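Structural overview for review
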Amino acid sequence: MRALSYTVAPSAEAAVARFAAAQGSARYIAGGTNLYDLMKLGIEHPAHLIDVSRIDGMDAIETDGDILRFGGRALMTDVAYTPVVRDQYPVLSESLLKAASQQLRNMATVGGNLLQRTRCMYFRNGAGSTSMVGVYPCNKREPGSGCSAIGGLDRTHAVLGTSEACTAVAPGDWPVALMAMDATIEMLGPEGPRNLPIAEFYRLPGDTPHREFNLHPGELVTAITVRKTPAGRASTYHKIRDRESYAFALASAAVALEMDGATVRTARIALGGVATTPWRSRAAEAIVTGSPLTPELALRAGRAAFADARGGQHNAFKIELGARVIADALIIAAERRA
Amino acid sequence: MEDERSETTQTCGVTRRVVLASGAGAAAASILPLEQRAQAQQQFARAETGQTVQVSANVNGRPVILEIDSRASLLDLLRERRELTGTKKGCDHGQCGACTVHLDGRPVSSCLTLAAKIDGRQVTTIEGLAEGADLHPMQQAFIDNDALQCGYCTPGQIMSAVACVTGGHATSPDAIREFMSGNICRCGAYVGILAAVQQAAKVMEG
Amino acid sequence: MPTQAFSEIARVDARDKVLGRAQYGADVKKPGMLYAMLVPATIAKGKVSALDVAPAMETPGVVQVLGIGDFPALRAEISYRGQPTALVVAETVEAAIEGAEAVTAVYETAPYIPLMTSPGAQRVDAEGFNAGDVDRAFQNAATIVEGIFETPTQHHNAMELFGTVAEWTDGRLTVYEGCQNLDAVKAALMKAFELSLDQIAVKSEQVGGGFGQKSPPKMQTFLVAHAARLIRRPVKLVTPRGQLFHIANYRPRSVHTIRLAASAEGRLQAIIYDVVQENIPDGGFRSTGYHEDIARLYAIENFRATAGDIHIDRQMPRHTRGTHPFPAGFALESVIDEMAYKLGKDPVELRLEHEAKNDIIAGQPLSPHFLNDCLREGASRFGWSRRLPEPGSMRLADGTLVGLGVACGIFGASMSASEATLRVRADGTTRMISSGHEMGQGILTAIANVIIQGLDINPDRLEVLLGDTTLGPQLATVGERGTASCVPTAAKAVEALRARFAELAGANPPAGNLHQQLARLKRPYIEVKVSELAPGQDASAIEAYRTGGRAGTGPDYPGFTSMSYIAQFVEIHIDATTRRIRMPRAVSIADVGRVVSPRTAKSQMYGGVVWGFSTALREESEVDPRFAGYLNDDLADYVMAVNADIGEVDVGLIDKPDPRINSVGVKGMGELVMLGTAPAIANAIYHATGKRLRKLPIRINDVL
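Just so we're clear, the structure is a prediction, and the values are computed from it rather than from any experiment.

The next thing to look at is the interface of chain A and chain B. Opposite the 36 residues of chain A that make contact, chain B presents 35 residues. Together, the buried faces of chain A and chain B total about 2,700 Å²; carbon and sulfur atoms form 49% of this surface. The largest share of the area that chain A buries against chain B comes from Tyr36(A), Gln103(A) and Tyr246(A), three residues that together contribute 23% of it. Among the ionic pairs, Asp92(B) bridges to Lys40(A), the shortest N-O distance being 3.0 Å. Across the chain A-chain B interface, the total number found is 24 residue pairs in polar contact (both at pLDDT 80 or more). For the side of chain A that touches chain B, the secondary structure elements donating two or more residues are strand 1 (5-8), helix 2 (35-40), strand 3 (48-51), helix 3 (76-80) and helix 6 (102-105) of chain A. Of the residues in the side of chain A that touches chain B, the class split is 15 nonpolar, eleven polar and ten charged.

Next up, the structure:
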C-alpha cells in the first residue's frame, strides 16, 4: 500500500468536490471493510481517501412516509435492527444480518455495501499484495489479461450472467434483497443528484468486467429508498453457504410475496451467489404468480430461474442448489403471510 | 527526536540499482556510524512513515493523541504504537475476529478500521474491560467455563461476547452461536464460549 | 504406581488470557524495534535471474533490504511458489509492506508438478509392512469391502500467525516467537550464527495454537535474526496469513486404497492397505506412518501395507493435528462401517467384538486399554440404541434426513525423558521449572495440578515455567507427548520434595502448610531436581534430552505398546430440499489414561470434535495446477468451523491409568481428540442418505 492522504468530508457536496479535485486518484471511504481490504490486497491504490462516514444526516433511517429511506452511511447493523425493517421487511433485515459478522456490520454501510467487489479468488489473490503476487490473470483487475476462473477452480463462480471474459459472482446479499424490493439508489455527483432504480445499477460483465456499476466518476451513494409494500411481510432472505455463518453465499434467494390465502398474488424473486450481478428472476415470479403455492410449484419456479444457467467445471451444482434455495425461500416467505 | 527522523529519511536515499541474483543486499542504516546507531537505539523515537494524520481519541478511558501513518490500521495503532497487545492479529482482513475491539461501544474489526477513523471517538480493548482488580463478568465466565485454550482469539471473543449480551442477542443458544460466529477459535472452544456467554448474561442482566 | 483421580482446577493461565496479558511472540515490544516483511516468489519453480530491490530502498521508512545472496536462505533457485526472495525492514509495518510490494523480480521458469494428479507425477515407493497371511485370509473370506479414500491438503491455521522478534544485545541473540520446539530453533540459530550456549535465548511463553505447524524451525527466524544483527536494532516480523499458506507446512493430500476381509462368522480377518501422498523429495512426513496406528486399532491379525510418495513442487508437508491416523483412520473406519452393513451387524457391536490385545506392528502385547469402555459409554450417552439401522430410515417431521454415525480413533502414546526443578519457599511461593510449550493444551495446568494435589502449598502462588531456553532444555511439544512426559517428571519431583522435607523435618514436623513449616524450620526454601525416563530408556536419554538429541520414544516400549483411544458418535441432519449438512449433536469419549487436568482435558475433547468436524465438512487448501500455490489462501476462503456450526457436544474421559507407561498412568490426547469424528460424520451421512462418501471434505454438492 502506498502512502496516501486522508481527510474527513463534512458534507456530501464537499466530498464530491474533493473527489473531483483529486482527478481520479481519490476514493470515498465509509466503513472501509471492502476498500481497505482491497488496498491491503494491492487491488485498490487510492492516493487520497475521503471519509464520508461522518457526513451529517447521511446516516438517517426514515420509515415514516410511503417509503423506507436509508442514508448511504447508515450502518448495516442499524438498518437491520430498525423495528419497521425487522418486523415488516424481514427480507431486508435478514439479508443484512446474514451478510457479514456482527463486527463488520458495525462498520460497513448500506451504501458502501452496494459497491462491494467480487470475492472471486483469482481477482482477490493475485494483485501484487504481500500475501501473494501477480500470478492470476483477471480481466476485472487487469482488463485484457484473461480470466483464470474459466477452466479453473470455479466452484464458487456464477452460472448466470457470465461472459467469455468473467464469471465472478456478485458477492452481496443486501443488494439482492434490494433488487427484489425494487429499491432506488440516490447519488450525488459532480453533475448534481441522480436517482437510479437498482435494476439499472449493476452491469453484466460482457467484455468489460472491470466496469461493475453504472456509477459516474465521483458519484457518491447518498441514500437507498424502498417503496413500502405489503409484500415486505411475507418475505425472506434464504442463504446457503459452506458454513452456517460468516461466509458468502453459494446460493441465496430474496423472496417477497403478496398472498390471497394460499394463492400468490404477486411475487418478487431475486438471487444471490449464482450470478454476476444481483439477479432478478421474472421467469420464476411468473410461475408462482396466480397459483396456490405448493412445494412442487415452488421447485418448478426455482428451476425456471436457472433455465439459461451455464455451469463451469465445478459449479454446475449451483443450478440445482439455487433452484432448491428458491423453492425453500418461497415456502418460508409464504408461511409469514399475515 | 525530529533529528533522528530526518536522518532515517536521508539514509533511504540510495541510488536505484538492480541487484542480480548473485549480488549483495543493500543496507541503508549501516551507513550510520556506530555511536549514532547506539544513540538512536536508546532514544527510540517512533518514526512514522507515509503521510501522517493526527489522531486524538480516547482509548480505555485515557486520551491518546498521536501522529500516525494514514495507512495504519487501528490494530497496528494499538499493538505497535501503544502497548496494547491484548488485541490480536489473526488474518488482517476481517476474516477471523481476533482483533475485535469496541469503537464507541460497538464491536469492530480493528484490522479493517483505519486508525485515522478513530479521531474523536472512544476505543475499548480487552485491557480496558476489567475495573481495577475486578474482572468483567464475561472474563470471569470465560475462566469458569474454560472457554479458551491457546487464548489467542480470546480477547476478541470476549469483546464480542460482551456486546452479545449488552446488545440483547443472548436470547438462545442458537442466537449466541450466530452472534459469536465472527470470531473463529481454531482450538475449538465454541462449546465453552456458548456456556460463558450464557453464564455472564445472567450476571450482566442481573 | 498409578495415582488417584485428580480433582479439577481452573486453567492456571486463564486469568492472563482473559485480561489480554498473556504474552505471545509478536506481543514483544523493544525500544527502537523495526518491522519486517517478506517478499514471496511468484513462480512455482525456476530461478530468480534478477531482483530489483532499489524501489524498496527508496521507499520512505525502509531501513534495510536483504535480497538473494544476502543470506543462505534467500536462494535464487525457487522450489515453490511463495518462497521468500527478500526481506524488507522498515520503521513501521506500513513502510515494510510498501517496500516489500515494490521489490520486483525477473524469473527463469522451469516446468513443475504441483499436484499428485499432474502429468508426469510419479510415485516413489516406500517400505511396506506385512503381518500374518493376508492372501490366505482373503482367499478364505466370506465378505470383502473395499474403497478408495481421499483426504485433502489442509493447513493448520492456528490463529496466531508466525511472529518473530529478534534482538541482539552485546553479541547475544534473543528470539521471541510461537514455537513447539524451542531447542531445535536454538540449535539451528547457534549453528547459523556461530553462537555459544550463553549467547542464545529463544522464548515462547505462550503459543497461539500450534497443531504441528510450529514445530520445525522457520526460515523467517533466521532472516529476522540476521537483519537485526546487521541493523543493530530489534526486528519484528509477523508473516501475513496468505504467505503462511505458501511457506508454512501443511497436511498433504493422500489417497488410501483399503480392502477388508471378514470370515463367514463375521470376524474381521485381514486388511490390504495402500497409501500414496503428496510429498517433496526427502520430505519430513513419512508415507510409512499411515498404517502404523490403525493396524493396532482392532484385533485384525493379517495386515499388509504399502506406501508411496508422489513428489510435487510445493513447500514441505508435515505433521498436522491427527497426523497419519486421521486420513488412514478415515479410510479404515469407513470400511468398518460398510462391513457392519454387509454383515448385518451393529457398527458399535462389530467394533466391540474386535478389541485388540496385541500390537501386530511390534509383535507384542498392548498395554491394558479401554476402547470398549469408550464405545459403551458413548453409545449410552448418545442414545445409540434408538438408531434404526436402515439407511434413510430416520427423518424429522419436516423431512430432514437424520443420520447417526460412530467411529473410533487411535494414537500412539509416546513419551520423552525430561527433567524438572521444584522449589518451595518459606515466603509462600512455589516455582516449578519444567519443559515444553503451552499451546492451549493446558500443560501448565496439568503440571500445576500434580504439584497442588501432591503438596500442601499455596496454589495461588505457584509458578510453572517452561517455553524458554534459558530455563533448561525444552521438550518438543509434538505428537501429544508433552504433558505425558512432563507430568510423570512433576510427580517424581513432588515425591522427591516430600522425601527431602521428611528428611529435614524429622519425626515431628511443625504445623502448617509446607511454606509455614519451612518458615518454622528456618529454611528459606527446599529444592529438588529430578529426571524421569520413558519405559525402557537409560541415562543416555537424559543426556539426549539435555543436548537436543532424541529423547523421545514409544508407543512401543520394551514388552508392551501403549496407545490412546477415542470413540466418536455424531448425529447429522440434512435438509430435505437444499441438502444443507449440519451436526446438531456429538458425543466423544476417550481413554487417555489418567486424566491429570480434568478441565483442560475436557476442553481438548471439545476442540477435537470441532477439528474433526471442520476437517470432515469444511477444509481444503485448493491448488490450481496452472499456477501452483494456494488459491484460497485466507480465512474467508479456507473455510473453518465457526461457532454456529457446532451443536451440542458431550465429552467424557474414562480416566483409568495405563499401568505400564509411567508412574501417573497418563497418556497423551492432543492428536487423538480430533480422530474419529470425520469417519463418524461420513458414516452418519451414509446412514442418512445411503450414499457412501469417500473423499473429504464432504460438501453440499456431494449430497445434492
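It is worth spelling out the sheet that holds strand 7 (residues 122-124) of chain B at this point. Pairing between sheet strands relies on hydrogen bonds along the backbone, with the strands arranged either parallel or antiparallel. Residue and element names in this part refer to chain B. Within the open sheet, the five strands sit side by side as 4-3-7-5-6. Their pairing is mixed. Where the open sheet ends on each side, the last strands, each with one partner, are strand 4 (62-69) and strand 6 (106-109). When the angles between neighbouring strand axes are averaged without regard to direction, this sheet yields 40 degrees. The sheet contact formed by strand 3 (residues 52-59) and strand 4 spans eight bridges and is antiparallel. From the neighbouring strand, Val55 faces strand 4, where its bridge partner is Leu66. Packing of helix 3 (residues 74-81) onto the sheet brings it into contact with strand 3, strand 4, strand 5 (100-103) and strand 7, and relative to strand 4 it is tilted by some 105 degrees.

Residues and elements named next belong to chain A. Strand order across the open sheet formed by four strands is 9-10-11-12, with antiparallel pairing between neighbours. Strands at the two margins of the open sheet, each flanked by one partner only, are strand 9 (234-241) and strand 12 (279-280). As judged from the two bridges shared by strand 11 (residues 263-272) and strand 12, these two strands associate in the antiparallel manner. Within strand 12, the residue paired with Ala270 across the bridge is Arg280. Running at roughly 20 degrees to strand 9, helix 5 (residues 90-97) makes contact with strand 9 and strand 10 (249-260) of the sheet. Its contacts with the sheet put helix 12 (residues 317-335) on strand 9, strand 10 and strand 11, and the angle it makes with strand 10 is roughly 35 degrees.

As a further point, take the nonpolar core. Residues and elements named next belong to chain C. Ranked by size, the top nonpolar core spans 192 residues in total, and within it Tyr273, Phe569 and Ile685 carry the most contacts. Setting aside its immediate chain neighbours within four residues, Ile685 contacts Ile572, Ile574, Ile581, Leu617, Gly690, Lys691, Leu693, Ile698 and Val703. One finds Ile9, Ala446, Ile451 and Tyr545 within the second-largest nonpolar core, a separate group that totals 42 residues.

In this complex, chain C contributes 90 residues to the contact, which on the side of chain B involves 73 residues. When residues of chain C are sorted by the area they lose upon contact with chain B, Val18(C), Met159(C) and Asn643(C) head the list and together hold 12% of the total. The tally of links from chain C across to chain B stands at eight salt bridges. A salt bridge links Lys236(C) to Glu80(B); its shortest N-O distance comes to 2.9 Å. Inspection of the region where chain C meets chain B yields 32 residue pairs in polar contact (both at pLDDT 80 or more). Those elements that provide at least two residues to the side of chain C that touches chain B are helix 1 (14-19), strand 2 (46-52), helix 2 (54-57), strand 3 (62-66), helix 3 (93-102), strand 12 (235-238), helix 16 (598-617) and strand 29 (646-653) of chain C. For the side of chain C that touches chain B, the element with the highest residue contribution is helix 16 of chain C, accounting for nine residues. Here the side of chain C that touches chain B is composed, by residue class, of 46 nonpolar, 24 polar and 20 charged.

Let us look at the environment of Cys153(B). Among the secondary structure elements, Cys153(B) is positioned in the loop between helix 4 (137-144) and helix 5 (154-166). Taking C-alpha positions, Cys153(B) is 20 Å from Ala170(B), a pair spaced 17 residues apart along the chain.

Each domain of chain A was delimited in the assignment, giving domain 1 (5-52) and domain 2 (231-335). Domain 1 of chain A and domain 2 of chain A are separated by 36 Å when their C-alpha centres are compared.

Once that is clear, we can look at the side chain of Thr429(C). Residues and elements named next belong to chain C. Along the chain, the position of Thr429 falls in the loop between strand 20 (418-425) and strand 21 (430-433). Looking at Thr429, its side chain comes within polar contact range of the side chain of Asp427, at 2.7 Å. Discounting residues that sit within four places of it in the chain, Thr429 has contacts with Arg423, Val424, Arg461 and His515.

So, on to helix 3 of chain B. The element helix 3 of chain B is extensively covered by neighbouring structure, given that eight of its eight residues are classed as buried. By the burial criterion, the buried members of helix 3 of chain B are Leu74(B), Leu75(B), Asp76(B), Leu77(B), Leu78(B), Arg79(B), Glu80(B) and Arg81(B).

The rules behind the values
- Residues numbered from 1 in each chain as written.
- Chains lettered and ligands numbered in written order.
- Predicted model: local features only at pLDDT ≥ 70, side-chain atom pairs only at ≥ 80, totals over all residues.
- Heavy atoms only, no water.
- Contact = heavy atoms within 4.5 Å.
- Buried area = accessible area lost by both parts, 1.4 Å probe.
- Salt bridge = Lys/Arg side-chain N within 4 Å of Asp/Glu carboxyl O.
- Polar contact = N/O pair within 3.5 Å; in protein donor to acceptor, adjacent residues only side chain to side chain.
- Helix = DSSP H or I, 4+ residues; strand = E, 2+ residues; numbered from the N terminus.
- Nonpolar A, V, L, I, M, F, W, Y, C, P; charged D, E, K, R; others polar.
- Pairing = 2+ DSSP bridges.
- Axes fitted to C-alpha atoms, helices over the stretch in contact; angles between N-to-C directions.
- Core = buried A, V, L, I, M, F, W, Y, C linked by side-chain atoms within 4.5 Å.
- Buried < 20%, exposed > 50% of the residue type's maximum accessible area, 1.4 Å probe, protein only.
- Domains from an automatic or database assignment.

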